[in-house]
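Structural characterization, general
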Amino acid sequence: MEKFGAHRAWTRGRETASVLALFLVGSSQPSEDSKTPWNMSDPSDAAPTPCDQTSDAGLGDREISVHLLEMMLNLQQIVGDHFTRLTTRRRQGLSLEEEKHIQVICEQEDVINHTMCQIISLLWSEATVDQKLEEPLLSRNSRRDGQRAREAQEASRQPDRPARQSDFEASFVTHVLSNRGVDISVFYQSHFQDYNAYQRDKYHEEKNPLGFLNLGISENKLCTDLMTQRLCRNDMNCIEKDLLQYPDWRGQPFLREEVAWFLTYYCKAPTRLDPENVVVLNGCCSIFSALAMVLCDPGEAFLVPAPFYGGFAFSSRLYAKVELIPVHLESEITDDNTQPFQLTVDKLEKALLEARQKEKKVRGLVLTNPQNPLGDVYSRDSLMEYLEFATRHNLHVIIDEIYMLSVFDESITFHSVLSIESLPDPKRTHVIWGTSKDFGISGFRFGALYTHNREVASAVSAFGYLHSISGVTQYKLCRLLQDREWIDKVYLPANHSRLRAAHKYITKKLRALKIPFLERGSGLYVWVDLRSYLAPCTFEEELILHRRFLDNKLMLSCGKSYMCKEPGWFRVIFAENPLRLKLAMRRFSHVLKEQKYDWMVKQLEDALQE
């Protein structure tokens, strides 16, 4: 799953809890004015309480808890502001020692914030005894622009680190979670809060025309008609008793056999691939997470060219606690950078050296081909250079080829790593593929690993105990992958044609708006440059623009969520129903007009003040 903006804010936590504290103060004492705005419930809804039997001591204890809660919130705000001042300096040009110092500060902040949140959670549980209150949620649209700016500053104060949400929100869910449970809850919310909002408020032509339009999640919705027809054929409907039992944790043998044949054919492997080297789990992120677990110990790291798919960060941390070290790529064309965001071996060498100087243990290199979010397709020569770099340094290479059949520009040739006859280090080369993007069936939750290393395959297979796919689904996938005639003559031609048409439409709109973008011919997305709409061009302003898109019920993915070094880049999905895509682009244009107008008003106000 993809990440849609992590918004970490001490101030937001304090704002939420201040509302709760005021509510509690109001509810712990009888109010003289029953029409106070905090009293939103009907008196008849309240639980009956025997008259004059409320304990004065209980009320006193609760008032103390409320006051302590408010004091802790004030302290949290002060400490948060202090850490913000310590870490808001520009990171460019800092020495290694200064970098380490900032890293230590951030780690101290995490520890202090986590401890304070645990205290707040306990105070909250004491203050809400017998209150039977549900966790209030502040409307995103009700937040002031100034509040958003402060949130954005917190989220963007370290461009080299993924944005994080405060532990505060999770601390109010329950005080019975372990430290690990709180971390997981916060981590989940920070990655998926916008996605969850979208799930609750999806656009529908008739039922919900004002709901969210989604150009942020990479899903191919252009051929659902063809796929639905194929999945409804009689050959898909088989219920054998074996399919109703527990499966082989590696995946059903018939499916692994077909996946090996499928990859041999479409990856143009020089020899037939071995089904024993195939492992099937419920999604490519599950495969990646399992690889991170079996190839690294906690605290170790992978190199990943950035910008990169945000789901890698979530998948590598949730179980494995593996760090992803970005190899930052730049948009500016120079003598060394002959195209925007070009990956070179020199950049890999530099990133590895810097990581080792910081005493990081790097275990592998992660590549996506075609690249997400850039859309680049690596040449065979480039692939060999990256593989040879990894071999020199004894690194594993994980290559995600989930978009391999979504190269719609006929002038571009995709080269799978499985097509290379003599891999520099086959035992350390691991390929991931799935049907979510190429076939538009992300709901099937299917991902496959192919590795020449039986030891790795065996270790990853253990995760099938937790992440296997239902037998009936595996049967349907097998039948689908077997139907090469339908895939080659019906599905792929139609899919590529529709991808070209959608790409042509959206790029024409971007050109009309004079918005730069990367012209690529693969994937389901366009990497768009909105830096001219940021004043100043900072990650704080990028997040404010991102929130403006969300306020207008349009989901996009901002560059910060891909660890992009430069603020102002956004990924826009175009593999959407044509009518919805047109409506989404109207909302997109409207937001940018709003942004420009507000900027002009601000310029005028500044000029008048001078």
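Everything here concerns the structure above.
Residues numbered from 1 in each chain as written. Predicted model: local features only at pLDDT ≥ 70, side-chain atom pairs only at ≥ 80, totals over all residues. Heavy atoms only, no water.

A look at the overall build of the chain
Each helix and strand counted, the chain has 18 helices and 12 strands in total. For the chain, long-range pairs separated by at least 24 residues make up 78% of all intrachain contacts whose partners lie at least 6 apart in sequence. Summed over all atoms, the accessible surface of the chain reaches about 28800 Å², with 53% contributed by carbon and sulfur. (Helix = DSSP H or I, 4+ residues; strand = E, 2+ residues; numbered from the N terminus. Contact = heavy atoms within 4.5 Å. Areas by Shrake-Rupley, 256 points an atom, 1.4 Å probe, with all protein chains shown as cover.)

A closer look at a positive patch on the surface
On the surface, K504, K508, K509, K582 and R586 cluster together into a patch of positive charge. Looking at the secondary structure, you find K508 in helix α16 (residues 484-512). (Patch = residues over 30% accessible without salt bridge, like charges linked within 9 Å, V, L, I, M, F, W, Y side chains within 5 Å. Salt bridge = Lys/Arg side-chain N within 4 Å of Asp/Glu carboxyl O. Lys, Arg positive; Asp, Glu negative; His and termini not counted. Charge placed at Lys NZ, Arg CZ, Asp CG, Glu CD.)

Some points on the sheet that holds strand β9 (residues 525-529)
In spatial order, the strands read β9-β12-β11; together these 3 strands make up an open sheet with antiparallel pairing. Edge positions in the sheet fall to β9 and β11 (557-558), since each of these pairs with one other strand and no more. Looking at chain direction, β9 and strand β12 (residues 569-573) are connected through 5 bridges and run antiparallel. Directly across from Y525, in β12, lies its bridge partner I573. Helix-sheet contacts for α16 involve β9 and β12, and the interaxial angle to β9 is about 10 degrees. Where helix α17 (residues 539-551) meets the sheet, it contacts β11 and β12, and its direction lies at approximately 25 degrees from that of β12. (Pairing = 2+ DSSP bridges. Axes fitted to C-alpha atoms, helices over the stretch in contact; angles between N-to-C directions.)

Description of the pairing of strand β4 (residues 323-328)
Within a regular strand, side chains alternate between the sheet's two faces. Where burial is concerned, most of β4 is hidden: 5 out of the 6 residues are buried. Between strand β3 (residues 301-306) and its parallel partner β4, the chain crosses via helix α10 (residues 311-318), and the hand of that crossover is right-handed. (Buried < 20%, exposed > 50% of the residue type's maximum accessible area, 1.4 Å probe, protein only. Right-handed = clockwise from strand over helix to strand, strands pointing away.)

Some details on the nonpolar core
Soluble globular proteins tend to pack their nonpolar side chains together in the buried interior. Core analysis: the biggest nonpolar cluster contains 72 residues, and F262, L263, L303, M404, F439 and F446 have the highest contact counts within it. Examining the composition of this core, we find that 6 residues originate from one element, helix α8 (residues 253-266), more than from any other. Ignoring any residue separated from it by four or fewer positions in sequence, one finds F262 in contact with C267, M404, L405, W433, F439, L481, R484 and I487. Listed in part, the 66 residues of the second largest apolar core include L281, Y309, F312 and F574. (Core = buried A, V, L, I, M, F, W, Y, C linked by side-chain atoms within 4.5 Å.)

Some words on unusual backbone geometry
With an omega of 15 degrees, the peptide bond between A306 and P307 qualifies as cis. Of note, the bond from N372 into P373 is cis; its omega dihedral lies within 30 degrees of zero at 25 degrees. Within the element layout of this structure, P373 appears in the loop between β5 (362-368) and α12 (380-392). Phi at F341 is positive, roughly 55 degrees, even though this residue is not glycine. Owing to a relative accessible area of 1%, F341 belongs among the buried residues under this scheme.

Thoughts on helix α15 (residues 471-482)
Taking 1.5 Å as the rise per residue, α15 with 12 residues should run 16 Å; its terminal C-alpha atoms sit 17 Å apart, in good agreement. Extensive coverage of α15 is indicated by the burial of 9 of its 12 residues. Taken together, the buried residues of α15 touch α7 (224-231), α8, β7 (429-434) and α16. (Expected span 1.5 Å × (residues − 1).)

Thoughts on the packing of aromatic side chains
Under the definition given, this model contains 28 aromatic pairs. Ring centres of F341 and W569 lie 5.1 Å apart, and the angle between their planes is 85 degrees; this geometry places the pair in the edge-to-face category. In this pair, F341 is assigned in the loop between β4 and α11 (345-357) and W569 in strand β12, connecting sequence segments 228 residues apart. We note that F341, like W569, is buried. Members of the aromatic cluster, connected to one another through ring pairs, are F262, Y265, Y266, W433, F439, F446, W486 and Y491. Directly above the ring of F187 sits R317, whose terminal nitrogen or CZ lies 4.1 Å from the centroid. Between K596 and the ring centre of W599, over which it is positioned, the NZ or CZ distance is 5.7 Å. (Phe/Tyr/Trp six-rings, centres within 6.5 Å; stacked < 30°, edge-to-face > 60°. Lys NZ or Arg CZ within 6 Å of the ring centre and 35° of its normal.)

Focus: the side chain of T429
When you line up the elements, T429 lands in strand β7. There is a polar contact of 2.9 Å between the side chain of T429 and the backbone oxygen of D425. Leave out the neighbours within four places in its chain, and T429 touches L387, V397, V417, L423, Y450, T451 and H452. (Polar contact = N/O pair within 3.5 Å; in protein donor to acceptor, adjacent residues only side chain to side chain.)

So, the environment of C238
Locating C238 in the fold gives a position in the loop between α7 and α8. Not counting the four nearest positions on each side in its chain, C238 is found in contact with L243 and Y475.

Some thoughts on the pattern of salt bridges
Within this structure, the stated rule accounts for 31 salt bridges. Among the ionic pairs, D235 bridges to R479, the shortest N-O distance being 3.1 Å. Taken together, the residues span a long stretch of sequence, with D235 in the loop between α7 and α8 and R479 in helix α15 at a distance of 244 residues. Relative accessible area serves as the criterion here: at 22%, D235 is assigned to the partly exposed category. By sharing partners, the salt bridges in this structure join R230, R233, D235, R479 and D483 into a single network.

Here's the deal with the sheet that holds β3
Strands sit in the order β2-β8-β7-β6-β5-β3-β4 across an open sheet of 7 strands; the sheet is mixed. In the strand order of this sheet, the two ends are held by β2 (278-281) and β4, each with one partner. Put simply, the sheet's adjacent strands are angled 25 degrees from each other on average, direction ignored. Its contacts with the sheet place α10 against β4, β5 and β6 (396-400), and it is angled at close to 155 degrees to β4.

Some thoughts on α8
If you check α8, its first and last C-alpha atoms are 20 Å apart, about what 14 residues at 1.5 Å a residue would give, namely 20 Å. Listed in full, the buried residues belonging to α8 are L255, R256, E258, V259, A260, F262, L263, T264 and Y266. Those residues of α8 that are buried lie in contact with β2, β7, β8 (447-451), α15 and α16. Looking at the residues trailing α8, positive phi occurs at K268, about 55 degrees.

Some remarks on the packing of α8 against α16
Where α8 contacts α16, the axes come no closer than 12 Å and their chain directions differ by 50 degrees. Considering their axes alone, α8 and α16 lie oblique with respect to each other. The two elements α8 and α16 meet at a crossing, and its hand is right-handed. Across the interface between the two elements, E258, W261, F262, Y265 and Y266 from α8 touch R484, I487, D488 and L492 from α16. (Parallel < 35°, antiparallel > 145°, perpendicular 65-115°, else oblique. Left-handed = near helix turned anticlockwise from the far one by under 90°.)

Geometry only, nothing functional implied.
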